[in-house]
Amino acid sequence: MDSEDIVSSDSVPAPSLGNAVSPSPLPNDEDMIIRAVKLNKYFGDKHVLKDIDFEVRKGEVVALIGPSGSGKSTLIRCLNALEKATSGEISIQGQKLNPYLSVKHLSSIRRELGMVFQNFNLFPHMTVLQNVIEAPLLVRKMPKDQAVALGEKLLTKVGLSEKRDIYPSRLSGGQKQRVAIARALAMQPRALLFDEPTSALDPELVGEVLKVMKDLAYEGRAVLSNRAIPKSYLESLNISALRHF
């Protein structure tokens, strides 16, 4: 992929972000999936996130762009309580995300977000289908026949129905990432968070993952990604906002 096709903080002027980063006057707005107000994060003396006001609504696609080390991944991880913000507030579907809540209460909030990591994090001892249905079985207590039907449907969605019974070690990087997306979708989240979803892939495998992301956007699912995206995909994804770091 040509470097000139990649959108970065240096190549794109900061656009007007509108409602995507301004606190909503309607706190009970059902379309509001993620809302951060005055979010700050320190690592020692380093101030990584500085008074971030941020919103993602139903059906929006938001891209976080900026140089390495600018806080993109930190924001993603704070939104899912994988990192504890130093100060500020985060709400998921109207529920305040307090990282000090009990595991049970925290899990009920976090399940509204699907997380897709850059290094896949698939269980190597489970087949592709088992990886996809594990969370619905254990967390949502879904009957196995329903979970299997859902898993097969999602694997078809990401173009991997024929791989359902093989193990991750026999998949390419792009295939592993598509399984990871299917696994995140299996929890039927209101939004998907992508933490540099293509950074661990060979260049020729990036397109197959971006295609799945584009399909999700066409379905109207809220998507937040912190990886630079080719200009052509930015246009086709109908990006709601770019957030520069």
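Below is a short write-up of the structure.

Where side chains of opposite charge bring their charged atoms close, a pairing between them can arise. What the rule picks out here adds up to 10 salt bridges. When the shortest N-O distance is used, the salt bridge between K41 and E83 registers 3.8 Å. Of the two residues, K41 sits in strand β1 (residues 32-43) while E83 sits in the loop between α1 (72-79) and β4 (87-92), which places them 42 residues apart along the sequence. Here K41 falls in the buried class, since its relative accessible area comes to 9%. Among the ionic pairs, K211 bridges to D215, the shortest N-O distance being 3.1 Å. Linking K211 with D215, this pair stays in helix α6 (residues 203-218), spanning 4 residues, or about one helical turn. One network of salt bridges, with partners in common, ties together R35, E55 and R57.

Over its 14 residues, helix α4 (residues 144-157) extends 20 Å from the first C-alpha to the last, a length consistent with the 20 Å expected when each residue adds 1.5 Å. Taken together, the buried positions of α4 are occupied by A147, V148, L150, G151, L154 and L155. Buried residues of α4 fall within an arc of 165 degrees about the axis and therefore sit on the same side. For α4, the exposed residues set more than 90 degrees away from the buried face come down to D145, K153 and T156. Where α4 is buried, its residues meet α3 (128-138) and α5 (173-186). Where α4 terminates, the next one or two residues include G159, which has phi positive at roughly 75 degrees.

Here we come to α6. In this model α6 runs 24 Å from its N-terminal to its C-terminal C-alpha over 16 residues, within 8% of the 22 Å that 1.5 Å per residue would give. Buried within α6 are the following residues: L205, V206, V209, L210, V212, M213, L216 and A217. The buried residues of α6 occupy an angular sector of 155 degrees when projected down its axis, which confines them to one face. For α6, the exposed residues set more than 90 degrees away from the buried face come down to E204 and Y218. Downstream of α6 by a residue or two, G220 has a phi angle that is positive, lying close to 90 degrees.

Before going further, it helps to spend a moment on the pairing of β4. Relative to β4, β1 runs antiparallel, the two sharing 5 bridges. What sits directly across from V37, in β4, is E89.

Moving on to the packing of α5 against α6. Where α5 meets α6, the closest approach of the two axes is 8 Å, and the angle between their N-to-C directions is 20 degrees. Relative to α6, the element α5 lies roughly parallel. In the packing of α5 onto α6, the handedness of the crossing is right-handed. Contacts from G173, G174, Q175, Q177, R178, I181 and L185 in α5 reach L205, E208, V209, V212 and L216 in α6.

The rules we used
- Residues numbered from 1 in each chain as written.
- Predicted model: local features only at pLDDT ≥ 70, side-chain atom pairs only at ≥ 80, totals over all residues.
- Heavy atoms only, no water.
- Salt bridge = Lys/Arg side-chain N within 4 Å of Asp/Glu carboxyl O.
- Helix = DSSP H or I, 4+ residues; strand = E, 2+ residues; numbered from the N terminus.
- Buried < 20%, exposed > 50% of the residue type's maximum accessible area, 1.4 Å probe, protein only.
- Expected span 1.5 Å × (residues − 1).
- Arc of directions from axis to C-beta.
- Contact = heavy atoms within 4.5 Å.
- Pairing = 2+ DSSP bridges.
- Axes fitted to C-alpha atoms, helices over the stretch in contact; angles between N-to-C directions.
- Parallel < 35°, antiparallel > 145°, perpendicular 65-115°, else oblique.
- Left-handed = near helix turned anticlockwise from the far one by under 90°.

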